[in-house]
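Spelled out from the first residue to the last, the chains are:
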2 protein chains.
Amino acid sequence: MSETATHAPTKVQLLELLAAIGTAQWREFAAAAAQHGLTPTQARVLAQLDGPVPMRGLAVLLVCDASNVTGIVDRLEARELVRREPDPADRRVKNVVATEAGRQVIRRVREEMQAAHGALDTLDEAESATLYGLLARLRPSMEKG
Amino acid sequence: MSETATHAPTKVQLLELLAAIGTAQWREFAAAAAQHGLTPTQARVLAQLDGPVPMRGLAVLLVCDASNVTGIVDRLEARELVRREPDPADRRVKNVVATEAGRQVIRRVREEMQAAHGALDTLDEAESATLYGLLARLRPSMEKG
DNA sequence: CCCAGATGTTTGATGTCATCAAGTAACTCG
DNA sequence: CGAGTTACTTGATGACATCAAACATCTGGG
């Protein structure tokens, strides 16, 4: 049998395993970002920019102070990966938009992440589906805090 | 049986889900650490200190420059959560040991993490075992990088 | 035994991220 | 309109992170 299911793990073991995988993934992301001269935080911001996002919105997404976002976007803008546009509806807000260069860079970072992940190929379709289902059930209570 | 298995998710979806759970877990860890006046990094160091660990060893565990560890341990030592002891076998190395206070603090941080995690109670034993098995298989290739 | 090279730790310079407090401009609503 | 909220920025400060360089100590081959 698939000896996938071993004995019942403790909560702690499961949490530690999740943590280990989480940090491994984070390190890969950081490494991929670094290859393009980005800090992990900068890459994270770029990853959020599907469309225009106000500064405040970024602060919410990153769960950090708004004043922090100013600096991060400053540095991204200095490298032309991002642009600040005035919001037509509210003159207080500035919307952040990825430039073409910015979109390309983050796309490459994502590609490298996937490439590095033959990891998932060790699972067949049924297993992926099972894993996905279990994790999806875990997610909401993990995010509640 | 468990109708946990939905349709086959894409690799990307699965990776994003893992990432979401990873950051949720990280944020909880950071929050728990903060309640005891620790930065996430400081808490992470304390978590490694089951026994004496040389500075260099910490740098390896944290995957960072050795000079960085100096500062982190300086701050922990200033708060008496940690001590530097000379290594009897090699006079170059200094072993870092958690003080009693240090052990207590990190124990509480861990407790708060678990408490916050009724998350895992949504899984029955069989499901936990399955999840653990699948994640355990994923882990090695994720860490290869 | 002894010296050249490797290793462990620290210091100093620099840059990014994080917070908080305060300031300015613009919106909202009674 | 004016009081209060909201969006963004600036400035101060502290924790991480890296690199380069200094220093003491270990190690191995001659």
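Residue positions are counted from 1 within each chain, in the order its sequence is given. Chain letters and ligand numbers both follow the written order, the letters beginning at A and the numbers at 1. In view of the model being predicted, local features appear only for residues whose pLDDT reaches at least 70, and side-chain atom pairs are presented and counted only at 80 or more, with totals across whole chains, interfaces and linings using the full set of residues.

### Remarks on the overall build of chain A
Numbered from the N terminus, helices here are DSSP runs of H or I no shorter than four residues, and strands are runs of E no shorter than two. Counting its secondary structure elements, chain A contains 6 helices and 3 strands. Helices and strands in chain A line up, N terminus first, as α-α-β-α-α-β-β-α-α. The globule rule used for comparison is 2.2 Å times the number of residues to the exponent 0.38, while the radius of gyration itself is calculated over C-alpha atoms. By the compact-globule yardstick of 15 Å for 145 residues, chain A is too spread out, its C-alpha radius of gyration being 19 Å. With the C-alpha coordinates aligned to their principal axes, the bounding extent of chain A is approximately 60 × 30 × 25 Å. Residue burial here comes from a neighbour count, namely the number of other C-beta atoms, placed from the backbone, that lie within 10 Å of the residue's own C-beta, with 20 or more meaning buried, 12 or fewer meaning exposed, and in between meaning partly exposed. The 145 residues of chain A split such that 28% are buried. A fraction of 47% describes how many contacts in chain A between residues 6 or more apart in sequence connect residues 24 or more apart. Two residues qualify as being in contact provided that their C-beta atoms, derived from the backbone, are within 7 Å of each other.

### So, the sheet that holds strand β3 (residues 94-98) of chain A
Residue and element names in this part refer to chain A. Any two strands with at least two DSSP-identified bridges between them are counted as paired. Strand order in the open sheet formed by 3 strands is β1-β3-β2, and the pairing between neighbours is antiparallel. Single-partner strands in this sheet number two, and they are β1 (53-54) and β2 (82-86). Bridge analysis of β1 against β3 gives 2 bridges, and the strand direction is antiparallel. Bridge pairing in β3 links Pro-54 to Asn-95.

### As for the protein's contact with DNA strand D
Each residue receives a C-beta atom placed from its backbone. It is near a molecule or strand if this atom lies within 6 Å of it. What surrounds DNA strand D is a group of 23 residues, the closest being Met55(A), Arg56(A), Ser67(A), Thr39(B) and Cys64(B). All residues other than Ala, Val, Leu, Ile, Met, Phe, Trp, Tyr, Cys, Pro, Asp, Glu, Lys and Arg, Gly among them, are scored as polar; the first ten of these are nonpolar and the last four charged. Classifying every residue of the surface near DNA strand D by side-chain character gives 6 nonpolar, 8 polar and 9 charged.

### Describing the packing of helix α2 (residues 40-48) of chain B against helix α4 (residues 66-78) of chain B
Residues and elements named next belong to chain B. Angles run from 0 to 180 degrees between N-to-C directions of axes, and those axes are lines fitted to C-alpha atoms, restricted for helices to the stretch in contact. The geometry of α2 relative to α4 is characterised by a closest axis approach of 10 Å and an angle of 85 degrees between their N-to-C directions. Here α2 is positioned roughly perpendicular relative to α4, judged by the angle of their axes. For the pair formed by α2 and α4, the contact residues are Thr-41, Gln-42 and Val-45 on the first element and Ile-72, Arg-75 and Leu-76 on the second. Among the residues making up the contact of α2 with α4, the classes are represented as 3 nonpolar, 2 polar and 1 charged. Angle categories: roughly parallel below 35 degrees, roughly antiparallel above 145, roughly perpendicular from 65 to 115, and oblique for all the rest.

### A short note on the interface of chain B and chain A
Contacts between the two partners involve 49 residues from chain B and, on the opposite side, 50 residues from chain A. Elements supplying a minimum of two residues to the side of chain B that touches chain A: α1 (11-34) and α6 (125-144) of chain B. The element best represented in the side of chain B that touches chain A is α6(B), accounting for 17 residues.

### Brief notes about the relation of the copies chain B and chain A
Least squares is used to superpose the copies, and the fit set is the C-alpha atoms of residues whose pLDDT is at least 70 in both copies. Of the transformation placing chain B onto chain A, the axial shift is 0.0 Å and the rotation is 180 degrees, giving an RMSD of 0.1 Å. In symmetry terms, the pair is related by a two-fold rotation axis. By C-alpha distance to the rotation axis, the residue of chain B lying nearest is Gly22(B), at 2.3 Å. Looking at chain B, 100% of its interface residues are interface residues in chain A too, so the copies touch through the same face.

### Examining the protein's contact with DNA strand C
Residues in contact with DNA strand C amount to 23 residues; listed here are only the nearest, Thr39(A), Cys64(A), Met55(B), Arg56(B) and Ser67(B). Contributions of two or more residues to the surface near DNA strand C are made by α2 (40-48) and α4 (66-78) of chain A together with α3 (55-62) and α4 of chain B. Broken down by element, the residue count for the surface near DNA strand C peaks at 5 residues, all from α4(A). Classifying every residue of the surface near DNA strand C gives 6 nonpolar, 8 polar and 9 charged.

### Regarding the packing of helix α6 (residues 125-144) of chain A against α6(B)
At a closest axis distance of 10 Å, the pairing of α6(A) and α6(B) adopts a crossing angle of 120 degrees. Viewed along their axes, α6(A) and α6(B) adopt a mutual orientation that is oblique. As for the relative orientation of α6(A) and α6(B), their crossing is left-handed in sense. On the side of α6(A), the interface is formed by Glu127(A), Thr130(A), Leu131(A) and Leu134(A), while α6(B) contributes Glu127(B), Thr130(B), Leu131(B) and Leu134(B). Classifying every residue of the contact of α6(A) with α6(B) by side-chain character gives 4 nonpolar, 2 polar and 2 charged. For a crossing to be left-handed, the near helix must be turned anticlockwise from the far one by less than a right angle; the clockwise case is right-handed.

### Regarding the nonpolar core
As used throughout, a nonpolar core is a set of buried Ala, Val, Leu, Ile, Met, Phe, Trp, Tyr and Cys residues joined through C-beta atoms within 7 Å of each other. Of all hydrophobic cores here, the largest spans 25 residues; its most connected members are Ile21(A), Leu135(A), Ile21(B), Leu131(B) and Leu135(B). Not counting residues up to four positions away in its chain, the partners in contact with Leu135(A) are Leu17(B), Leu18(B) and Ile21(B).

### Quick notes on unusual backbone geometry
Although it is not a glycine, Val63(B) sits at a positive phi angle of roughly 55 degrees. Looking at the secondary structure, you find Val63(B) in the loop between α3 and α4.

### Concerning α6(B)
Multiplying 1.5 Å by the helix residue count minus one yields the expected span of that helix. Over its 20 residues, α6(B) runs 30 Å from end to end, which matches the ideal 28 Å to within 8%, given 1.5 Å per residue. The term bend refers to the angle at a residue between two fitted axes, each drawn through seven residues, those ending there and those starting there. Of all the bends in α6(B), the largest measures some 30 degrees and sits at Leu138(B), one to four residues before the proline Pro140(B). Buried residues of α6(B): Glu127(B), Ser128(B), Thr130(B), Leu131(B), Tyr132(B), Gly133(B), Leu134(B), Leu135(B), Leu138(B) and Met142(B), and no others. Where α6(B) is buried, its residues meet α1 (11-34) and α6 of chain A.

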